[in-house]
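Structural features, examined
Each chain is listed here by its residues.
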Amino acid sequence: MVRLGLGVLAVGGVWLELSLVRLLSALYFYNHVYLVLSLAVLGLGLGAALATRFARLRQTKHVGFYALLAALATLLLAALTLYAATTPWRLLPLALAVLPHLFAGLALATLFGDAPEEGSSRYAADLAGAGLGAAAAVLVLDLFGGLGGVFASAVAFALAGLLFARPRPGFVSATVGVVVAAISLGLTLDLPLEQLATPKPLRDQLRAGAKLVDHRWDAFARTDLVYRPDQDVYYLYVDGGAGSLIPDATDATVWRRDIGGFPFAAARPDSALLIGPGGGLDLALAKANGVRDITAVEINRASVTLTKTLDDVTGGVYDGVTLFVDEGRSVLRRLDRPFDLIFLSQVVTQSAELRGYALSENSLYTVQAFGDYLDHLAPGGQIALKLYDELTLTRAMTTVMTTLTERGSTEPDAARHLLALLDTRSDPPAPLLLIRDAPLVRDEAIRLARLAEARGFALLFVPGLFGPPALEGIVSGDATLADLIGADPSLDLRPTDDARPFFYQFERGIPRALRPLLVTLGIIVILGLLALTRHQRQQPHPQPGVWIAVSALGVGFMTLEVALLQQLKLFLGHPTLTLSVGLGALLVAGGLGSALAGRFRDPRRGVAVAALLVLLATAAWHLGWPVLSELTRSWEIAGRVAVAAFALTPVALPLGMPFALLLRYLGRADPTSAQDASAQGVAEQIALAWAVNGVATVVGSVAATVLAVRFGFPAVMGVAALSYTVVLLWAFRPVRRRDTFARATKAPT
């Protein structure tokens, strides 16, 4: 029953974390979401720290109560989050999100300290529950949305409490009350979109008189269909971002002049691939310019569903289109055919919001992505990018020119592949970048420039005719691409690649969005180190090495998980599917590994074996995954899911072993005598291990983001390997005579 309760508790924790991502994304910008979630997960470590400090909290009779408190704290979090989002205190959830995880941390520290000999099986149940919860999270979010998913996690916490607690009438009544409250609140509460304090475009439109017509909330995003009476047009908003115009087939005056129509008018392509058509504007522009063979890739199914409800307005804009609901590059790499035009139109909302999305990954604008696009162009074809502002235009140019030079072009020739325009009539002004499959000759450049001016667009760069000195210098050979990248020392304009796909991150150094989190986390780590040092000084024979190993496991597990999931994303396509399959496979297989760890008689030597297996499996993944993914990338989604799960299993199995074995090591340790340690001392050591590991996990999460932005995901994988090397070195450290485990293993088993 305890293992079942642990699994259900883990399900509630995963559902809460993933549902908070969806809820907070609709209320705030990305950087705020990251800040809240990182500190929320820190609550697990803080709860375990409380269990370490106060022995009276480590009583198994309290575990059911802790789970029920986690459920109540989740209800409070949801209600106050919606309220706080409308006030100047909109980041109040920063503190509240810690509470459910804190009570969960208390429960975990108590349960593992209660029966250290069952540490492997209980940890296996915890990981397996988390993995199954991650796999089921997509269904939960598709059914109930972000807010409903938070209430679903409260129900899971409450049910876990019932499994832990003795069947007392009062406790059962309280649990039923929590479940009823969660269901009632889930059915009655909704997002206060019009009253939001965060300046989201959807909020501003609703305040200006726009009407919310319909919405869909799923595992990908909240998508809203809005009608503007003053313009008599419809818009789609994803997580409250800038609206995507839905074209009216009966009145083209609003959308026919959009700069996104220029590539179709200039080249008159027979075939086109449109990535991210959303509300259908790009499709309407393609059809209006006579494109018959249209393939569209839209990652957000709700955008397509809501747009199709307006077929009487759009004239069936998706009709006759080959549609994929998937990630653009993932589809393109599986299509064995060329296109005359590949078009990406503002895949992320608008310029004013880019600061909020700076830490989000975008693999559509990388060196490798442009290589994929060029490989799928027909002779005379072109790529068109509708971008957001000068910064994104410049980075796109540096990335494209890097791609072309890596494929054999000189820098002057690479610059001659490009043409940039600006639509000054849009708000904000929208740039367009054209990338030709061959350098522009003078006559063609003049033709395109005249056509652009006739349509009212400003010229930003026409190679050999017009452009800023930095770009014209590259064309003439008087300047280099490095000069363009380093023109402003305050900005990071380096090209992005798949290893560092942060297209919207232009800050040099540590991203501003992470600095408050780093300061807060730094204070917590310093206080934790002081507390740990004090604790060790009180021990007759302190063991600093074991706490270094516990910390390294927390950092290593998180950084390796982040690096693996990033590599899976392009292969599987949809980010939600990646999270569900990748995280689910890692945790479930890790749980199986934890169960197998119970077969080691010597936990310390088991840690060494497990850490070595992690390092070997990680090296095998690094060498084998690029080959395996390339061979199977054209398979249908079911096959690719199976390949991903199969490939992750050899890495995930040993990942679940070291921490479970370390808990067993601490459970058998006695620094004061040759006898087994007292139950209270063991429970304290295990609670402390959960606290240290919990804080280290958050450190690993933040470190993974900082390293990925600054140096790329290979650096994240390197830190993971270094962390498990530290664990391996600790496990192989010569054992002193007074070492706790050395004597414990001499006792009969």
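Rules and cut-offs
- Residues numbered from 1 in each chain as written.
- Predicted model: local features only at pLDDT ≥ 70, side-chain atom pairs only at ≥ 80, totals over all residues.
- Heavy atoms only, no water.
- Salt bridge = Lys/Arg side-chain N within 4 Å of Asp/Glu carboxyl O.
- Helix = DSSP H or I, 4+ residues; strand = E, 2+ residues; numbered from the N terminus.
- Buried < 20%, exposed > 50% of the residue type's maximum accessible area, 1.4 Å probe, protein only.
- Pairing = 2+ DSSP bridges.
- Core = buried A, V, L, I, M, F, W, Y, C linked by side-chain atoms within 4.5 Å.
- Phe/Tyr/Trp six-rings, centres within 6.5 Å; stacked < 30°, edge-to-face > 60°.
- Lys NZ or Arg CZ within 6 Å of the ring centre and 35° of its normal.
- Axes fitted to C-alpha atoms, helices over the stretch in contact; angles between N-to-C directions.
- Contact = heavy atoms within 4.5 Å.
- Polar contact = N/O pair within 3.5 Å; in protein donor to acceptor, adjacent residues only side chain to side chain.
- Patch = residues over 30% accessible without salt bridge, like charges linked within 9 Å, V, L, I, M, F, W, Y side chains within 5 Å.
- Areas by Shrake-Rupley, 256 points an atom, 1.4 Å probe, with all protein chains shown as cover.
- Lys, Arg positive; Asp, Glu negative; His and termini not counted.
- Parallel < 35°, antiparallel > 145°, perpendicular 65-115°, else oblique.
- Nonpolar A, V, L, I, M, F, W, Y, C, P; charged D, E, K, R; others polar.
- Bend = angle between axes of the 7 residues up to and from the residue.

1. A closer look at the pattern of salt bridges
This model, assessed by the stated rule, comprises 22 salt bridges. Taking the shortest distance from any N to any O, the salt bridge between arginine 407 and aspartate 375 comes out at 2.6 Å. Taken together, the residues arginine 407 in the loop between helix H15 (390-406) and helix H16 (411-415) and aspartate 375 in helix H14 (residues 367-375) connect sequence positions 32 residues apart. Residues participating in the shared-partner salt-bridge network are Arg329, Arg333, Asp372, Asp498, Glu630 and Arg633.

2. Let's talk about the pairing of strand E9 (residues 377-386)
The element E9 is largely enclosed, with a buried count of eight among its ten residues. Sheet topology note: the strand E8 (residues 339-345)/E9 ladder contains six bridges and is parallel. Directly across from phenylalanine 343, in E9, lies its bridge partner alanine 384. For E9 and strand E11 (residues 430-436), the ladder comprises five bridges, and the chain directions are antiparallel. Across the sheet, the residue bridging to glutamine 382 is arginine 436, located in E11.

3. Remarks on the nonpolar core
Counting 176 residues, the largest nonpolar core has Leu23, Phe262, Phe264, Trp547, Trp621 and Trp690 as the members making the most contacts within it. Per element, the largest residue contribution to this core is 17 residues, and it comes from helix H6 (residues 119-164). Grouped together as the second largest cluster of nonpolar side chains are 42 residues, Val331, Leu332, Phe370 and Leu385 included.

4. Overview of the packing of aromatic side chains
Enumeration according to the criterion identifies 17 aromatic pairs in this entry. Residues phenylalanine 502 and phenylalanine 713 carry aromatic rings whose centres are separated by 6.0 Å and whose planes lie at 20° to one another, so their mutual orientation is stacked. A residue pair is termed long-range when its members are at least 10 positions apart, and phenylalanine 502 in the loop between helix H19 (481-485) and helix H20 (515-537) and phenylalanine 713 in helix H27 (residues 713-731) qualify at 211 residues. With respect to class, phenylalanine 502 is no different from phenylalanine 713; both count as buried. Taken together, the ring pairs connect Phe112, Tyr123, Phe659 and Trp690 into an aromatic cluster. Directly above the aromatic system of tryptophan 730 lies the positively charged group of arginine 604, at a separation of 4.6 Å from the ring centroid.

5. Re the sheet that holds E9
Across the sheet, which stays open at both edges, the eight strands sit in the order E7-E6-E5-E8-E9-E11-E10-E12 with mixed pairing between neighbours. For this open sheet the edge positions go to strand E7 (322-324) and strand E12 (458-461), each flanked by a neighbour on one side alone. Averaged over all neighbouring strand pairs, the angle between strand axes comes to 20°, with direction disregarded. Relative to E8, strand E5 (residues 271-275) is paired through four bridges, and the arrangement is parallel. The residue bridging alanine 272 from the neighbouring strand is leucine 341, located in E8. Strand contacts of helix H10 (residues 281-288): E5, strand E6 (293-297) and E8, with the helix running at about 170° to E6, the strand carrying the most contacts. Against the sheet, H14 contacts E5, E8, E9 and E11, and its axis sits at roughly 140° relative to E9.

6. A few points about the environment of arginine 407
For arginine 407, a relative accessible area of 45% gives the class partly exposed. Distance in space between the C-alpha atoms of arginine 407 and alanine 288 is 35 Å, their sequence separation being 119 residues. Filtering out sequence-adjacent residues up to four positions away, arginine 407 remains in contact with Gly371, Leu374 and Asp375. Separated by 2.6 Å, the side chains of arginine 407 and aspartate 375 make a polar contact.

7. Notes on a nonpolar patch on the surface
A surface patch of nonpolar side chains, amounting to about 370 Å² of accessible area, comprises Leu159, Leu162, Val172, Val176 and Val180. In this structure, leucine 162 sits in helix H6.

8. A few points about the side chain of glutamate 298
Considering the arrangement of structural elements, one finds glutamate 298 in the loop between E6 and helix H11 (301-308). An unpaired buried charge is present at glutamate 298: no salt bridge exists, and arginine 301, the closest side chain of opposite charge, is 10 Å distant. A polar side-chain atom of glutamate 298 sits 3.0 Å from the main-chain amide nitrogen of asparagine 300. Excluding residues within four positions of it along the chain, glutamate 298 makes contact with Gly276, Pro277, Gly278, Ser303, Val304, Phe324, Val325 and Asp326.

9. Digging into the packing of helix H21 (residues 544-572) against helix H23 (residues 603-632)
Between H21 and H23, whose axes approach to 11 Å, the crossing angle comes to 10°. Between H21 and H23, the interaxial angle falls into the category roughly parallel. Residues Leu560, Leu564, Gln567, Leu568 and Phe571 of H21 lie in contact with H23, whose contacting residues are Val614, Thr618, Trp621, Trp625, Ser629 and Thr632. Split by residue class, the contact of H21 with H23 holds seven nonpolar, four polar and no charged.

10. Let's talk about H23
At glycine 624, H23 is deflected by roughly 45°, the largest bend along its length, and proline proline 626 occurs up to four residues later in sequence. At the N-terminal end of H23, a side-chain oxygen is found 3.0 Å from the backbone nitrogen of arginine 604, two or three residues along, and the residue is aspartate 602.

11. Quick look at the side chain of arginine 395
For arginine 395, the position within the fold is in helix H15. Its relative accessible area of 0% is what places arginine 395 among the buried residues. There is a polar contact of 2.9 Å between the side chain of arginine 395 and the backbone oxygen of phenylalanine 503. With sequence-adjacent residues up to four places away left out, arginine 395 is seen in contact with Asp492, Leu493, Arg494, Thr496, Phe502, Phe503, Tyr504, Gln505 and Phe506.

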